[in-house]
Structures are given as structure tokens and as C-alpha cells.
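# Structural overview for review
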Amino acid sequence: MRKNLLAAAATLLLAGGLTSSAIAAEKLKVGFIYLGPVGDLGWTYQHELARQAVVKEFGDKIETTFLENVPEGPDAERAVEQLVRAGNTLIFTTSFGYMDPTLKVAKKYPNVHFEHCSGYKRDKNMATYSARWYQGRYIQGEIAAKMSKAGVLGYIGSFPIPEVVSGINATMIGAQTVNPNIKVKIIWVNSWFDPGKEADAAKALLDQGADIIMQHTDSPAAMQIASERGKFAFGQDSEMIKFGPKAQLTSILDTWAPYYIERVKAQLDGSWKSADTWGGLETKMFEMAPYTNMPDDVKKLAEDTQAAIAAGKLHPFKCPVVGQDGKEVECKGGDHLDDGQILSMNFYVKGIDDKLPGK
Amino acid sequence: MELIEAIILSVLAASTPLLLAATGELVAERSGVLNLGVEGMMIVGAACGFGGAWLTGSIIIGALCGMLAGVLMSLLFAAMALGLAVNQVATGLALTIFGVGLSGLIGARFVGERITPAPHLQIPFVTDIPLIGRILFGEDAFVYLSLALVAAVWWFLYRTRAGLILRACGDNHVSAHALGYPVLKIRMYAVMFGGACAGLAGAYLPLAYTPFFIPGMTAGRGWIALALTVFASWLPGRLVIGAYLFGAVTILQLHAQGAGIGIPSQFMSSLPYLATVIVLVLLSRARTGGSTAPAALGTVFVPDR
């Protein structure tokens, strides 16, 4: 961190000098803004792995800089602008809350290209990208239903926002293909990150009879509790098998590397264009960790489903999707729900015996 | 029955760090010092506690490292707030912000490592008694320690001369000074005790609760401990009730959600704080019986003025 800050400061000074601007123009400079520390083992860590992959791919043709622990909000704007002034011409801002700050800086510097993760505001020089994690949740649902003896899944949610709700629904739809009577218990911890509370939630779910833990929060606490109790769980964002060698079934891995490499390449050959990229298994925007701790037939089922989704033969939200009220949801995307419906999902599907908060 | 046992076990574990940190803060506040840096001292305690345990393989050394880290942090506070008579609120807040950053730096190389958590007591036959066996005789050492600590603090404050002097410093530091007591020295010891307790409370998280370290893992528990001392109206006995009540609400709201009881989780999460506010109101209305805030709490004392 310090080294990188110093490097950024040094380049700032150099860029201000007379002689260095020519050198700066030769090498493509790529900047990254991270929400957490690179060692968070989750969200930020995965972005950092992708940055390292970019460095490996392009070697000394490019130079990368990252700023970590950048809070969302006004500070982010300063951080983004700092990267621009240091000569970075392609900048990745890797959290939802950087949306407005990035847009503001993008308007100010039309010749610099920006990439914002998981937002919805774009501009001529600001692209967005995100992943269809719900595809992975569908596979996890199938595995969970196969592996659960009690027929009860435990789900730890962070906040009832569409991304999380669509994950729960995809899980249930997947699980129902295996066991139509599968039940799910949902606990919201109202935090993305509180290891103690996540552990408590996992304990509560197991104590209430669930025997598979799924999570949409960021720490490995739940995995560790499942491991302690001899139950199964799924990781989140990154590989968590270290915390549950006998417990992790699989994990959704954020693999941004292919996308980052593609975009840096585009920037290098001058073909960069603003776009809205929402990729899934088909473009390897995320991957599934190895399927472990399960019998071969379950593993095969999971692999087949993964292949079918990647090939576009199976859509987790294929119609008819039935809501909790028993009514079919309008089918706007032909034979499946369209992206808008998934991105604004605020209902539970049939079979979830719970009430969505705020509904 | 098993579910009740499981819930009580979770409540005890969830309440212990709150009780430990609040006990330390209670002593500091009783001496007249408001240290808002509990969260910062806790998180540094967590990082150092985990580091100590991971490097040596010993939970006890980890706990001691956590306590030592808390004491060092509190000394920093004491140097500013007592030595240089800086505003206590500002210093405490700065200590928290500093602690959060420092813990990330200390803990950077421990992230992703794991240790064996503190063992639970296991007495043959006794621990196996249904329901009460595991609850009374199957906890980890921290749980028993926290309760013993509260008892010791109660005894110290109300049954010893030193405790009386400490309370005098908190109620009227000018009089205590006039009587010849070294107010600043006494306060420094009280703050150090608070630091040790906060460090231990922080260390409890990676040593017993979730046996790994991640930056920010205290997640606001230091602030709850601060609210707890107010909730307990600075009385050790009520602190125990308060800590277990706070812990119980946290755990029960999770169970209520899992059972599909339709109370908004956000409302349940805010209950302990609502309770704190209500207790404050009740305290200010009925002045008899219970204790109120130490009169000199948060005020700067400079001996020669």
C-alpha cells in the first residue's frame, strides 16, 4: 500500500516535470480503486488478483497503481482524480458507491476512460461491468437440495436488495428442481461484514434445524461454524475452503481477470468503447470453486448444470416464475425474465415460507 | 429443550466481549474519565491477540498480547487526555479511528490464517447434565473470567478504600485532590484497566468466537459496550444484566427471523439502544436509589489550576 502510494506520489511529481510527459505517454497507466484492504480475502482481494493477472499478461507495456481502503463517497472522488493526475488513462473503480464520484471525474476528463463495477450510470468514457452471480446460486441450490438431509437450507442475507433477493430466488428455484418441498430459513444480518454476527446467524440457523448454510455476506465466519458443527456450507466471493476443508461444497468466485485483460487490451489498441457488461458463466465473469465434499452424482449434476447455463441452454429464471402469491410473474424476456426484472427483483418465489422485509 | 440450550449458549458467547469491555470502561468512567476509544482498543486487541496466539500457538499468550495492546492504546489516551489535558471526547474518538487503521496494519499478515479456538470446559458427568450442564460447566475460560471480573470490580469499588478513592476522583476531583489523592495517577490506572479489559474483549473475538482475524471484525461492539455502561447506570451488577440482555436481543432476533416471526430485523437490532435511551430517561426522573453518572465524568482536571 505504502509503496504504491509513494509510487503514485512520485509519478505525480514526475508528471508535473518537463521531461517526463513523453515517457508517460508511451506506457499505458491503469489505475484501480479498492473499497477494502487487498487482504480482505473477499471482494477487494478478488479485484486485486485480477489486477495481478493484468500485470502478468501485459508485462512492461503497462504500469498499474492501486489505492486501497478508499471509502465510498466524497473521498473517492479525490482518489479517482488523483489517479487521473498521475497519468492513468484507464481507471477501474470497484465498488457500487463509487458510481457518482466516478461519473463526476469522468465528465471532467473526457479523454480518460473509466470502468465502474456494479453500477448503472454510464457515459461516453465510463463503462460499467458486473456479474450474473444468480447463475451460481442456482447451481448451489441444486447441490444444497441434494446434500440436505433435513430438507431445510439456512440462508444468511446482508440487505434485502435486488441482487441478494434474486440470489435467494435462484437458489430456491434450483433447489426445487431436486426437491419440490425444500424449505429455506432466511436471516438478515443487516451488514455486509460482521464476522461475529454472521457466526451467530449460522449458529441460529443450524440450531433451528437447517443443515446447509448459504451466505450473501462477506466473511468466512459462517463457513467456519458449519465446519465446527460438521455441516456443509458455500463460500462467498472467494475460495473459503481453508476455513472449512470438510464443509465447503463450492463457492462463487469473482474472477474479474478475463474482463480486465480484455478492457486493457482494448485500451492499448485504441478500440475501447463505453459499454454495459453483465457477464456470467458464459464469459467467465465469475467461476465456481471446485465441487468438493459431495458424492460423484451430485458433482456431475452441478457440472452439467454449470455447462448448460454457460452454453445458454438453461436460464435460472426461465418462465414460468411463480411468486409467493401463487401468481405467475410477467415474462418479459421471451422464455425467461429479462435483465431489468432480475436487476429490480423485489419478491420471493413460491416455496419460500417467509416475508420479504419491507413488503 | 435443545434449542433453548443452544440459544443460551450463543447468548453467553455473544455477551462476553460486551461484558468484558464494558467492565473496563465502567471503572475508567467511575474515576471520571470518558474514553470513547473502546472500539479502537478492542480492534487492536483483536489483531494483537490473534497474532500472539498464531505465532506461539497459545491462547493464553494471545489473550495477554491483546490485553497488553489495549493497555498501550489506553496509555496513549492517558498521555493526551490526562497528561496534556486534551478534550476527552475528541481524544477518544481519535483513538478509535487510529485503532481501526493500526489493527489493519498489524493484522495484515495474519489475514487468512486460522487457529484452534479456546477450549470449552469439560468436566466428566457434570458437563453432561441435561440443559444446565453445558451452560454452567461447558463454557470457555473467557466467560467465567468475565463474570469473575465483574464481581471483583464490584468488590473493589464498594468494599475497599482504594475503590472509594477512585469513585471520589470521579465525583469531585477537586475535593479528592484537596484531600491529597493523586487524581491523575489514579485516573491513569483506571484508564489502563479499561484498556486491558477492552484489549481482552477484542482478543476474545479471534481467540474464541470466530477463530480468524479480519480487519474491522469488532464491527461496533466497542460502541455497544459504551452504551452498556450508561444502561447499567455505572453499577457493576446491572452491567451483567445489561450485557446479557443486549446479547439476548441480538441472538433472539436472529432466531425470530429463522423461525419466520415477522418482526422487522432492523427494529430488533435497534432495541438495545432504545432500551438505553429509556433507562437514561428513567434515571433522570427518579434520582433516588440507583446510581447516576459520576459527577466529574468527562471533565478535564489540571492539578495546579
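Treat the numbers as computed from the prediction; the structure is a model and nothing was measured.

What counts as what
Residues numbered from 1 in each chain as written. Chains lettered and ligands numbered in written order. Predicted model: local features only at pLDDT ≥ 70, side-chain atom pairs only at ≥ 80, totals over all residues. Helix = DSSP H or I, 4+ residues; strand = E, 2+ residues; numbered from the N terminus. Rg over C-alpha atoms; globule rule 2.2 N^0.38 Å. Buried ≥ 20, exposed ≤ 12 C-beta atoms within 10 Å, placed from the backbone. Contact = placed C-beta atoms within 7 Å. Pairing = 2+ DSSP bridges. Axes fitted to C-alpha atoms, helices over the stretch in contact; angles between N-to-C directions. pLDDT = per-residue confidence, 0-100. Expected span 1.5 Å × (residues − 1). Bend = angle between axes of the 7 residues up to and from the residue. Domains from an automatic or database assignment. Nonpolar A, V, L, I, M, F, W, Y, C, P; charged D, E, K, R; others polar. Core = buried A, V, L, I, M, F, W, Y, C linked by C-beta atoms within 7 Å. Parallel < 35°, antiparallel > 145°, perpendicular 65-115°, else oblique.

## Observations regarding the overall build of chain B
Counting secondary structure elements, chain B contains 12 helices and 0 strands. For chain B, the α and β elements follow one another from N to C terminus as α-α-α-α-α-α-α-α-α-α-α-α. In terms of C-alpha radius of gyration, chain B reaches 19 Å, essentially the compact-globule figure of 19 Å for 305 residues. Expressed along its principal axes, the backbone C-alpha trace of chain B runs to roughly 60 × 50 × 40 Å. Counting all 305 residues of chain B, 50% fall into the buried class. In chain B, the share of contacts with a sequence separation of at least 24, taken over all contacts with a separation of at least 6, comes to 78%.

## Thoughts on the overall build of chain A
Helix and strand counts for chain A come out as 12 helices and 12 strands. Each of the three principal axes of chain A carries a C-alpha extent, and together these read 70 × 45 × 40 Å. Of all intrachain contacts in chain A linking residues separated by at least 6 positions in sequence, the fraction that spans at least 24 positions is 63%.

## Re the sheet that holds strand 3 (residues 90–93) of chain A
Residues and elements named next belong to chain A. The sheet built from 6 strands is open, its strands ordered 2-1-3-4-5-11 with parallel pairing. Every interior strand has two partners, whereas the edge strands, strand 2 (62–67) and strand 11 (276–279), have only one. In this sheet, adjacent strand axes meet at a mean angle of 15° when their direction is disregarded. Here 6 bridges tie strand 1 (residues 28–33) to strand 2, and the two strands are oriented parallel to one another. Residue pairing in the sheet places Gly31 in a bridge with Thr65 of strand 2.

## Quick word on the confidence of the model for chain A
Chain-level statistics for chain A give a pLDDT mean of 90 and a share of 93% at 70 or above. Of the regions scoring below 50 in pLDDT, residues 5–24 of chain A engages in 16 contacts with residues more than four places distant in sequence or in other chains.

## Let's talk about the interface of chain B and chain A
Contact with chain B, which involves 33 residues of that partner, is made by 33 residues of chain A. Elements supplying a minimum of two residues to the side of chain B that touches chain A: helix 1 (2–30), helix 9 (183–209), helix 11 (236–258) and helix 12 (265–285) of chain B. The element best represented in the side of chain B that touches chain A is helix 11 of chain B, accounting for 6 residues.

## Observations regarding helix 9 of chain B
Residue and element names in this part refer to chain B. For helix 9, built from 27 residues, the straight-helix expectation of 39 Å at 1.5 Å per residue is met to within 8% by its first-to-last C-alpha distance of 38 Å. Along its length, helix 9 reaches its greatest deviation from straightness, about 30°, at Ala203, and the proline Pro206 lies no more than four positions downstream. Counting buried positions over the 27 residues of helix 9 gives 24, a clear majority of the element.

## A few points about the sheet that holds strand 12 (residues 286–288) of chain A
All names here are of chain A. Ordered in space as 7-6-8-9-10-12, the 6 strands form an open sheet in which the pairing is mixed. Both edges of this open sheet fall to strand 7 (183–188) and strand 12, since each of them pairs with a single strand only. The mean inter-strand angle of the sheet, taken between neighbouring strand axes irrespective of direction, is 15°. As paired elements, strand 6 (residues 152–157) and strand 8 (residues 212–215) share 4 bridges and run parallel to each other. Note on strand 8: the bridge partner recorded for Ile156 is Gln215.

## Topic: the confidence of the model for chain B
Residue-level pLDDT values for chain B average 90, and 98% of them are 70 or greater. Interface scoring of the predicted complex returns ipTM 0.83; its pTM is 0.84.

## Describing helix 2 (residues 38–56) of chain B
All names here are of chain B. With 19 residues, helix 2 should reach 27 Å at 1.5 Å per residue; the first-to-last C-alpha distance of 26 Å fits that figure. Most of helix 2 sits inside the fold, with 17 of its 19 residues counted as buried. Of the residues flanking the end of helix 2, it is Gly57, one or two places downstream, whose phi is positive at about 80°.

## As for the environment of Trp155(B)
Residue and element names in this part refer to chain B. Mapped onto the elements of the fold, Trp155 is located in helix 6 (residues 141–159). Its 12 C-beta neighbours within 10 Å are what place Trp155 among the exposed residues. In this structure the C-alpha to C-alpha distance between Trp155 and Trp234, which are 79 residues apart in sequence, comes to 14 Å.

## Considerations on the domain arrangement of chain A
Residues and elements named next belong to chain A. Per the domain assignment, the segments of chain A are domain 1 (2–131) and domain 2 (133–253 + 290–343). The C-alpha centroid of domain 2 is placed 33 Å from the C-alpha centroid of domain 1. Each partner contributes residues to the interface: domain 1 has 6 residues there, and domain 2 has 5 residues. Counted by class, the side of domain 1 that touches domain 2 contains 4 nonpolar, 2 polar and no charged residues.

## Section: the nonpolar core
In terms of nonpolar packing, the biggest core is built from 183 residues, with Ala202(A), Ile213(A), Ala222(A), Ala21(B), Tyr204(B) and Leu228(B) touching the most fellow members. Looking at which element gives the most residues to this core, the answer is helix 9 of chain B, with 18 residues. Of the residues that make up this core, three or more belong to each of domain 1 (2–131) and domain 2 (133–253 + 290–343) of chain A. Other than its neighbours up to four places away in sequence, Ala21(B) contacts Val38(B), Met42(B), Cys197(B), Ala198(B), Ala201(B), Arg221(B), Gly222(B) and Ala225(B).

## Digging into the pairing of strand 5 (residues 126–131) of chain A
All names here are of chain A. Counting buried residues along strand 5, 6 of its 6 residues qualify, which places the element largely inside the surrounding structure. In strand 5, alternate side chains face the same way, and those of Met126, Thr128 and Ser130 on one face and Ala127, Tyr129 and Ala131 on the other are all buried. Note: strand 5 against strand 11, 4 bridges, orientation parallel. Note that in strand 11 the partner of Thr128 across the bridge is Asp276.

## Structural notes on the pairing of strand 4 (residues 113–117) of chain A
Residues and elements named next belong to chain A. Most of strand 4 is tucked away, with 5 of its 5 residues classed as buried. A two-sided burial pattern is seen for strand 4, the buried positions comprising His113, Glu115 and Cys117 on one face and Phe114 and His116 on the other. As paired elements, strand 3 and strand 4 share 4 bridges and run parallel to each other. Each residue of the ladder has a partner; that of Thr93, found in strand 4, is His116.

## Some remarks on the environment of Ala85(B)
Residues and elements named next belong to chain B. By secondary structure assignment, the location of Ala85 is in the loop between helix 3 (59–83) and helix 4 (88–107). Taking the C-alpha atoms as reference points, Ala85 and Ile61, 24 residues apart in sequence, are found 34 Å from one another. If we ignore the near neighbours within four places in the chain, the residues touching Ala85 are Val300 and Val302.

## Here we look at the packing of helix 1 of chain B against helix 9 of chain B
All names here are of chain B. Relative to each other, helix 1 and helix 9 sit at 170°, their axes nearing to 6 Å. Considering their axes alone, helix 1 and helix 9 lie roughly antiparallel with respect to each other. Judged by residue contacts, Ala13, Thr16, Pro17, Leu20, Ala21, Thr23, Gly24, Glu25, Val27 and Ala28 of helix 1 engage Ala190, Val191, Phe193, Gly194, Ala196, Cys197, Ala198, Leu200, Ala201, Tyr204, Leu205 and Tyr209 from helix 9. Residue composition of the contact of helix 1 with helix 9, by class: 17 nonpolar, 4 polar and 1 charged.

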